[in-house]
Structures are given as C-alpha cells and as structure tokens.
Amino acid sequence: MAWWKIHKRDKPGSTGGAVLASAAIITRDQVRSVVGRKQEWQAQGWDFYRTVPELKSGIRWAANGLSRARLYVGRIDPDGSSAPVPVDAQGDDMSPKMLASLLAPLEDLAGGQLGQSEMLRRLSVHLDIPGESYLIGFDDPATDERRWLVCSPSEITSTGGGGTIRVQLPDSQSARIELSIDDCTLIRLWRPDDEYAYLPDSPLNGLQDPLRELQGLTAHVLATVDSRLKGAGIGLMSDDVTPASPRQSDGPNPIHSDPVTASLIEAASASLKNRDSAAALVPLLLRVPGSVEDKFKWFDFAAQLDEQLLPLRESATKRLAIGLDTPPEALTGMADVNHWTGWLVSDSGITMHIEPKLGLICDILTTRYFRAAWEALGVPNPEEWACWYDTSDLKQRPNRAPEAAEAHARGAISDAAYLRELGFSSEDMPDEDEQRRRLLIQLATTNAQLAPAALEALGVQLPDVGQTVATDAVRAPVEISRVTPPVEAPPRNEPPALPIAASAVLDDGWRMNCLDLAVRRALARAGNWLLSRAGRARRGELSHVPVHQVHMHVSTDQTDLDAILDDAYREFHAATPDQADLHAAVDLYVRRLLLTGIAHERGLLAGHLATAGCDRAAA
C-alpha cells in the first residue's frame, strides 16, 4: 500500500476529528455536508474579484508573495523561540535513510518546488476570496503518477451519495474526473469564522459595501463618459436664418416618423459607433419659429463629471485597502514612503500578512499530510518534525554597505555576506590563484618572519645572504627582479609548501587536532546540506564521496552559507571559550573552502591561522 493512503486512517482510539479548526481530512460521512456547500457572499466575492481591479491587485499581491516562499522540513524548536531547524543543517546526527524519509513527502507534494509555488499562490487566492480551499491528491489514471490539485469550492462537488467527488480539472472546461473518497486524499483548508469556527471566512465577507460603492462609482463614470459622446448637443436657429435640413432615412422603413427624433437617434448612434465621427463634435441643427437670442442658441445634454467623484473613489479604495489582508500601501501606493522606510513597509507586510497565512498552511500540511506520511515511512517521533516556510527571498534590507565593510574587516561576517550587501555575486569573487597571491602579499607586507618565504612563493628573487653589506659611503646596488619560475602542480591530495611559522603549527599537537576536527565537522554539516538539495540522482553519484568533501563536487551559493553553517561550531565554541578571534578565523576558512571548492588540509588551515594572527593561539 502506498504510504500516502495512510492519510485516510485514524490512530486507534482517536475520534477522527480535526486537529485544527482550520483543516480537516474529509471522510465519506462528511462529503455531502461539506463539499459543494457555497454561501451567497462567496459567489459575490468572485464577482467583485473579476470586476474591481483594486481588489484583484491586493489579492494578487499576497498570492505572489506566498508563491515566492520556499517550503522545507525542519526539527521543531522545543521551546518555540525560533523557526524549525532545516534537516539539511542536522549534520552527522542523521543517517541518509532518515534524511530521505523526511524529505520524500516534500519532494512528492505538488510535483516539487515549482508545483508548490503555484500551490501556495492558489491557496492564498482561495483563502482571501471564498475563505476555503481543497487540496486533492490522487493517482492520475492517464499517467499513473501522483497528482495534486488545489480546487476552489466551485470546482468540486459530491456525487454518488457521498462516496465519490467530481473534480473540475484545469485542463479544459469539459475535463472532469470522479474520484472515490477511499482512493484519494481530500483536505479542506479554511479560515475559521470568529463566531462559528466550522464556517469559512475571508476579508471580503466584511467588504461588500465598499466594493459595491466602487462598482457604482465606476459605473457612474462610464455612464458620464458615454453621455458626453452621444452627440454635441442641439443648436437652435431662428426662422430668419436658412436652416440645414436634417437627413432622413429613405426606403419603406425610415428610422422614425418624426424627422427631429430620427435626426437625434442618427446623431447619437453615429458618435457611439465611431468616436472619431464629426457627429461627436458638431451639434445637431434644428429650426424653430421666432427669434432665438441673436439668431443662434446651443444646448448641451451631456452630464458633467462630479467634482466629488475622485475623492469618493479614493475613500472607498482606502476602506478596501484597510479591510484586505494586505498592507494598505499595496493598493493606495507608496507616495508617502521614501527609500529609507520602503524596506520597512515591505518587511512589515511580510511579517503581518504573508507569514501568518504561510504558518496556517504549513500547520495544516504538517498535521494532515506530513506526519501521517512520516509515520507510514517509519520515521521515529514524527511529532518532532514540521513543514515550515522560508521567506528570505521576499525580504529587503536598507543600504548596509558601510556596516558590512566594518564587520568584514573585523572578521565578523563572511566574504559571501559582504558581497551580498554590496550587491555582488559569487562569480565576482577571486579564484584560488588570486586568493593565494593576495594572501602571500599580505604575509610579505605584515609579517617579517614570513616575508622571505612569501616573496619566494611569489617569484621574487632576494639577494644572497652572503653578499657584502654596503655602507653609507659605498652602497652596493640591490637587484630584485620578479620572475615566474616553472612550478609543477603538486599532487591533488598533497598539501602545498608552507612558511616555516605555519609549518610549526602543524606539529603543535592536540590544539591543531581540535581545530582540524572542528573544520571537518563543519564541512560534514555543509556536505549533508548540499546533498539534501542535490536531488536523488545526484546523491547517488556522490554516495562514494566522504561527506566532508561534498563541497568539492557541488557548488555552494554564498547566500546559503549562514543557513549551512548554522550551529556548526557548537562543540568547538564550547571547548574554546573566550577566543572569538580564533572562532572567526576558523569560520572564515571554512566559508572560503565552501565557495572555492578546495579540499581541507591541515597545512592550509595553519597558513590561514598564521595570516589571521592566530598562530600563537593555535600553538
């Protein structure tokens, strides 16, 4: 039996009721009373969504935000003070089998990350308009593969006395499928009403008056504009002036028996059919007896635009913006926000509007989908794990380049974090040869003991030490020439030659062993993180690679370094308290290895520590 079918079963002794008031797996007994039941305000909400552009803009703002969030599986923080820690950051404490079992339901849900993006978008729209949605999983009879659909209440109905449901497929209007309740997963998600939690609720349930007001004002504007196009009015002429004779229709069926009425209809219809017609600008001429105020007079029948119309529309739009589950600035604009506080508005919108909805969806998926799947897959203690969200791609930050430069100079942040704040990518980072050359130059200019070895590695020939020292009276010329001697590439696993001081660090004993162990553990945690993102096929190819060397085969994005190395030095920091400089130097060394794909070697670590001024601390 497929593991997803466990969803339809309750544990022994359970009542089968909903764990949350906002999520429930629909059983056979509940289908007829729940599925297909729609309220009047829900149908009106869809009509408002299609006709009021301000409403559609606000709802799509939230939906687009949710679609950019990334779902992941993590261990729940016991005290609830932080978000669940991703399984990728668990390090060596987790076996590959356990990792695969935890990630299998996430990889299958909605076809992976691309399908989950569209799933979150539709769920957001449904929760904001009708207030409820249905997540349906079934085996597609055409492809025999697992398929997931997010359906609105209008796309699903109950049939067969509640034993089956009819689902409208997104393929075409005539594409429908009937599914048995026992052979599919049917999860209902809804915003619970504050008074009766079993009923759905949405922001539109309390915004019907402002929405009707916007519809009425829009209709009034359109009618006024059309009235101004129905001819240019009527011009009256006295009998003393020879009038123009109105054209009448010929044939057995004239437009109207009255020539004046016929002329009015003809002028109005001509201007509406073709707004570039002269009938829209030239008034209709009629003849009247007697004097008409200096022989001519003109009457305009077009309605004037009300001066209070725009303030009324702005007021209704503000009421709508306040009532929707979106920041008001998403509808009213950002005119009152400058570039210094724009990021704060964006972050506030994510925290107060997008993340609560994501938390609701993730809670539903965890309790109604993931934990049942983990239990079926044999994951121990599935209640310790959860599906959660990552909104780092949504959040913006102000210009922090000066602070980033100072922190980078002190070794408090990584090269990747510094580049990110400056707006550069990992492609702009120097390669391995350039990094080595810069390191040697720094050694030659800052450390007198290491300067000879560094200059020699750079290809700078120094004068012979046996050369006679020149006096002030007779100063012998010193020739220093830069040459590039042929250098044979060392074997791949052989560490490069080190300066004398750095080599001494290698023989210092237990201290260097501790540092080497801390680096290997951090690289192992990074390797597990990279393997979890690489996919099943890639993990199979790298099964023979030691986990602390995975970074040599899988590239690392600099934006992921903080997540990869989160809590990677817990034991190291506990064993070496009050040595912040040493901690920063080791972390910088590991980050450089991850970004460049270089293998860890004790010699490279010793050289890095010597450059950072930690050679004595390590010795």
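Residues numbered from 1 in each chain as written. Predicted model: local features only at pLDDT ≥ 70, side-chain atom pairs only at ≥ 80, totals over all residues. Heavy atoms only, no water.

Draft legend 1. Spotlight on the overall build of the protein chain. Regarding its fold elements, the protein chain presents 22 helices and 13 strands. Within the protein chain, the fraction of its 619 residues that count as buried is 41%. Contacts in the protein chain between residues far apart in sequence, at least 24 positions, make up 69% of those at least 6 positions apart. When the accessible surface of the protein chain is split by element, carbon and sulfur atoms take 52% of a total near 34600 Å². (Helix = DSSP H or I, 4+ residues; strand = E, 2+ residues; numbered from the N terminus. Buried < 20%, exposed > 50% of the residue type's maximum accessible area, 1.4 Å probe, protein only. Contact = heavy atoms within 4.5 Å. Areas by Shrake-Rupley, 256 points an atom, 1.4 Å probe, with all protein chains shown as cover.)

Draft legend 2. Looking closely at the packing of helix α3 (residues 53-67) against helix α5 (residues 113-128). With their axes 7 Å apart at the nearest point, α3 and α5 run at an angle of 150 degrees to one another. Classified by the interaxial angle, the pair formed by α3 and α5 is roughly antiparallel. Crossing hand, α3 versus α5: right-handed. Here Ile59, Ala62, Ala63, Asn64, Leu66 and Ser67 of α3 lie close against α5, whose contacting residues are Ser117, Leu120, Arg121, Ser124, Val125 and Asp128. Residues of the contact of α3 with α5, tallied by class, amount to six nonpolar, four polar and two charged. (Axes fitted to C-alpha atoms, helices over the stretch in contact; angles between N-to-C directions. Parallel < 35°, antiparallel > 145°, perpendicular 65-115°, else oblique. Left-handed = near helix turned anticlockwise from the far one by under 90°. Nonpolar A, V, L, I, M, F, W, Y, C, P; charged D, E, K, R; others polar.)

Draft legend 3. Quick look at the environment of Met429. Counting through the fold element by element, Met429 comes out in the loop between α12 (415-422) and α13 (432-446). Residues Met429 and Ala416 lie 13 residues apart in sequence; the distance between their C-alpha atoms is 8.8 Å. Filtering out sequence-adjacent residues up to four positions away, Met429 remains in contact with Asp415, Leu419, Gln435, Gln558 and Leu595.

Draft legend 4. Representation of α12. Buried residues of α12: Asp415, Ala416, Ala417 and Leu419, and no others. Where α12 is buried, its residues contact α11 (401-409), α18 (561-564) and α20 (580-596). The first or second residue beyond α12 is Gly423, which carries a positive phi of 90 degrees.

Draft legend 5. Representation of the packing of aromatic side chains within the structure. Taken as a whole, this structure holds seven aromatic pairs when the rule is applied. When the centroid spacing of 6.0 Å and the interplanar angle of 55 degrees are considered together, the rings of Tyr196 and Tyr198 count as tilted. With 5.5 Å between their ring centres and 45 degrees between their planes, Phe370 and Trp374 make a pair best called tilted. Of this pair, Phe370 and Trp374 are both found in helix α10 (residues 342-376), four residues apart, which corresponds to roughly one turn of the helix. Phe370 gets classed as buried once you look at its relative accessible area, which sits at 0%. Accessibility expressed as a relative area gives 0% for Trp374, which makes it buried. An aromatic cluster of three or more residues is present, and its members are Trp148, Tyr369, Phe370 and Trp374. (Phe/Tyr/Trp six-rings, centres within 6.5 Å; stacked < 30°, edge-to-face > 60°.)

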